[in-house]
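# Remarks on the overall topology
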Amino acid sequence: MSESSGPGEPGGSSRPSGASGSSGASEFRPGRPVVLRGGTVLPMDASRRVLTGADVLVVDDRIAAVGHGLEVPEGTAVIDATDGIVMPGMIDTHRHMWQTAMRGYGADWTLTQYFVWYYLESGKLFRPEDVHAGNLLAAMEAIDAGVTTVVDWSHGLRTVDHADAAVDALRSVPGRAVLAYGNIQQPPAEWTGSPEFRDFVRRRITGDDMLGFQLAFDVTGDPAFPERPAFEVARELGVPVTTHAGVWGATGDDSIRLMYDHGFMTPQTVYVHAASLSADSYHRIAATGGSVSVSTESEQSAGQGYPPTWAIRAHGIPVSLSMDTSVWWSGDLFSAMRTTLGADRSREHLQAQANGDTVTHVALRAEEVVSWATRGGAHALGRDDLGSLEPGRKADLVLIKNDHSPVSFPLLNPYGHVAFQAQRGDVHTVLVNGRVVKHEHRLLGVDLAAARREIDGTVAYLRESLGEEGWRKGMNPDVPETKILDNPYTYTDYRSGSTHGG
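Analysis parameters
Residues numbered from 1 in each chain as written. Predicted model: local features only at pLDDT ≥ 70, side-chain atom pairs only at ≥ 80, totals over all residues. Heavy atoms only, no water. Helix = DSSP H or I, 4+ residues; strand = E, 2+ residues; numbered from the N terminus. Buried < 20%, exposed > 50% of the residue type's maximum accessible area, 1.4 Å probe, protein only. Core = buried A, V, L, I, M, F, W, Y, C linked by side-chain atoms within 4.5 Å. Contact = heavy atoms within 4.5 Å. 1 Å grid on protein atoms, 1.4 Å probe; cavity = no way out; pocket = protein on both sides within 12 Å on 5 of 7 lines; lining within 4 Å. Points joined across faces, edges and corners; volume = space filled by probe spheres on them. Nonpolar A, V, L, I, M, F, W, Y, C, P; charged D, E, K, R; others polar. Arc of directions from axis to C-beta. Pairing = 2+ DSSP bridges. Axes fitted to C-alpha atoms, helices over the stretch in contact; angles between N-to-C directions.

### Some details on unusual backbone geometry
- Cis geometry is found at the peptide bond from Phe 409 to Pro 410, where omega equals -5°.
- Considering the arrangement of structural elements, one finds Pro 410 in the loop between strand S15 (397–400) and helix H13 (414–421).
- Despite not being glycine, Ala 274 has its phi angle at roughly 50°, a positive value.
- Phi is positive for Glu 440, which is not a glycine, with a value near 50°.
- Taking the relative accessible area as the measure of exposure, Glu 440 reaches 25% and is therefore partly exposed.

Okay, structure coming up:
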């Protein structure tokens, strides 16, 4: 990073980032403009254009200009984006952040085992400080991976003390978040109707640009529609509902039909997964303007249903991406983009080959999933000031650049590079709301050591509460017996070398 030579000298200094001898947060003091020079810019505007050797100027919390050889104010901090990709910050529309304290613990779970562990048994053990620890680490992890906005699908809020802890953690990290308030230990009508919940909303949800608010609950399909009071609270508060829809064995077409028949399907509603639904349900979602948050790694592995991007696209439903939970999967949207492309294309090939056909041109392209990870998330959240690099939009952006990696070049297809080649370790610089929160691959303004201490405390507490046997058993579910099918073409016993018959 270096200082510009002032207005009228478009290039400013050509020295690479960090050439001034320091890349600390003090170099990016509040109010100081920032320009990223000479990168391959993906504005993610309606035209899907690609700008090579272009600049992005940030002034205060906004994108001030995008173009070539931009003039910048005197004293602007310059970040060299040469050989890198500048794109909007990614938006994750569904992440159970409180579960990050258990990273990787459930790697071999099915959805059933997840429900048993969190909903019926051990989820009740989490204290407010454990929710705080998980949210804190998840928020840091998000901006480290270039995810500048995260929907905290926070269904572990057993009490408002848990909710306060969740918000405290989100507020302490310089990322943008949406608290999707939920409580899996109580029916939605109960917790949304409590005086404590109303008091929490009054105290903590103040309309701050950096903290949005949703209600997070599921519709069971009970004909009595016991979730109606919760929907009415959402309508009264003027906030969206995000709901797990189309989850095999849990929520299905009956859930969608009840929401539709009672008038609670709106353009602001976000349907998570939507993987086990009929065409009728997709028609209802499309007709009412809702969007779907696809968590491909989750749907592929846990069992909600096959990742539904093929069906969603066929019905013209807007799509965003999410990673669900770090108790299983990665916390970055590079993996989400990659697995989403793979799942959609593999189904396309499989279906065609079952009919004796061959796919010669894939329908889902890399630029589409990059759009879902940026513009799609902004649309789902009703934030038309996010998701693209256009003058006047919020300055949430990412520089993907890694001069120490052989995978950083050649840069031939920028959308393909983001979707298939880039990883979280390639995230060089991140800005949120105009503030540099990561630079030269290092987070700024966060205390990672403090987060580690909190996580260590939560893990020790849960391990002690479960006991060593319970801890190991929860992590390692039984493996079903595998039957090897009889093979009619086995003429030689290769294990012994002997042959069958004469």
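### A closer look at the nonpolar core
- Within the largest apolar cluster, 99 residues are counted, with the highest numbers of intra-cluster contacts made by Tyr 118, Leu 179, Tyr 181 and Leu 215.
- When neighbours within four sequence positions are excluded, Tyr 118 is seen to be in contact with Trp 98, Gln 99, Met 102, Trp 109, Gly 123, Lys 124, Phe 126, Ile 184, Gln 185 and Val 327.
- Counting residues in hydrophobic clusters, the runner-up holds 20 residues, among them Val 34, Ile 63, Val 86 and Leu 431.

### With respect to the layout of surface pockets
- Estimates place the volume of the largest pocket at around 510 Å³.
- If you go around the largest pocket, you meet 28 residues; those closest to its centre are Tyr 119, Ile 184, Phe 217, Asp 218 and His 244.
- Mapped by element, the contributors of at least two residues to the lining of the largest pocket are helix H1 (111–121) and helix H4 (188–192).
- The element best represented in the lining of the largest pocket is H1, accounting for 4 residues.
- Among the residues making up the lining of the largest pocket, the classes are represented as 15 nonpolar, 10 polar and 3 charged.
- Considering only enclosed or pocket space, the second largest pocket measures out at about 400 Å³ in volume.
- Elements with a minimum of two residues in the lining of the second largest pocket: strand S9 (176–181), strand S10 (211–216) and helix H12 (366–380).
- For the lining of the second largest pocket, the leading source of residues is S10, giving 4 residues.
- Taken together, the residues of the lining of the second largest pocket break down into 11 nonpolar, 9 polar and 4 charged.

### Quick word on helix H8 (residues 279–288)
- For H8, the complete set of buried residues consists of Ser 281, Tyr 282, Arg 284, Ile 285 and Thr 288. Down the axis of H8, the smallest arc covering the buried residues is 155°, so these residues share one side.
- Looking one or two places after H8, you find Gly 289, whose phi comes out positive at around 80°.

### Regarding the sheet that holds S10
- As summarised here, the arrangement of the 8 strands in space is S7-S8-S9-S10-S11-S12-S13-S14, forming an open sheet in which the pairing is parallel. The open sheet has two edge strands with one neighbour each: strand S7 (90–95) and strand S14 (319–321). Pairs of neighbouring strands in the sheet enclose a mean axial angle of 25°, with direction left out of account.

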